[in-house]
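Observations on the model geometry
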Amino acid sequence: MEKISLIVLLILALVFTFIAIYIGRIFGISSSNPVKKDPYECGIETKGVTCVQFNIGYYLFALLFLIFDVEIVFLYPLAVALKTVGPIAFYEILFFSLILFMGLLYAYKKKALSWM
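**Observations concerning the overall build of the protein chain**
Counting its secondary structure elements, the protein chain contains 4 helices and 0 strands. In the protein chain, the succession of helices and strands from N to C terminus is α-α-α-α. Rg of the C-alpha trace for the protein chain: 25 Å, well past the compact-globule value of 13 Å for 116 residues, more than 25% over. Overall, the protein chain is about 65 × 60 × 25 Å in size when its C-alpha atoms are taken along their principal axes. Residues classed as buried in the protein chain amount to 9% of the 116 residues present. Long-range pairs, those at least 24 residues apart, make up 57% of the contacts in the protein chain with a sequence separation of at least 6. Total accessible area on the protein chain stands at roughly 11100 Å², and carbon and sulfur atoms take up 73% of it. The distance from the centre of the 9 positive side-chain charges to the centre of the 7 negative ones in the protein chain is 7 Å.

Structural data, given as structure tokens:
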């Protein structure tokens, strides 16, 4: 019975999605203005090439920041409840931090932390 209700929910979600898209296409206003397809940057016309490739180091630096930012999000609730959970939670925090620290050492070894 649970599988049937899940399948019905999935089918209804798909049907409502396609109905919403179809209604938007029927009643929506569309225009084929060439200005509409131009890239928008503060209302100023672009000069030169607008598609610029950035150095991969910026993305690596951002990903490393996100990894350690998410680590803090996971560690804070555990640190608050550490007394009630017990010493096992402390060892889990240490193990989790050790894994992330090994990733940081790997990034340092590959020179992903050196700024361009």
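Structure shown, so let's carry the discussion forward.
**Focus: the confidence of the model for the protein chain**
The predicted model of the protein chain has a mean per-residue pLDDT of 83, with 92% of residues at 70 or higher. Looking across the protein chain, the model is least confident in helix 2 (residues 56–80), with a mean pLDDT of 82, and most confident in helix 1 (residues 2–27), with 93.

Here is what the cut-offs are and how they apply
- Residues numbered from 1 in each chain as written.
- Predicted model: local features only at pLDDT ≥ 70, side-chain atom pairs only at ≥ 80, totals over all residues.
- Heavy atoms only, no water.
- Helix = DSSP H or I, 4+ residues; strand = E, 2+ residues; numbered from the N terminus.
- Rg over C-alpha atoms; globule rule 2.2 N^0.38 Å.
- Buried < 20%, exposed > 50% of the residue type's maximum accessible area, 1.4 Å probe, protein only.
- Contact = heavy atoms within 4.5 Å.
- Areas by Shrake-Rupley, 256 points an atom, 1.4 Å probe, with all protein chains shown as cover.
- Lys, Arg positive; Asp, Glu negative; His and termini not counted.
- Charge placed at Lys NZ, Arg CZ, Asp CG, Glu CD.
- pLDDT = per-residue confidence, 0-100.

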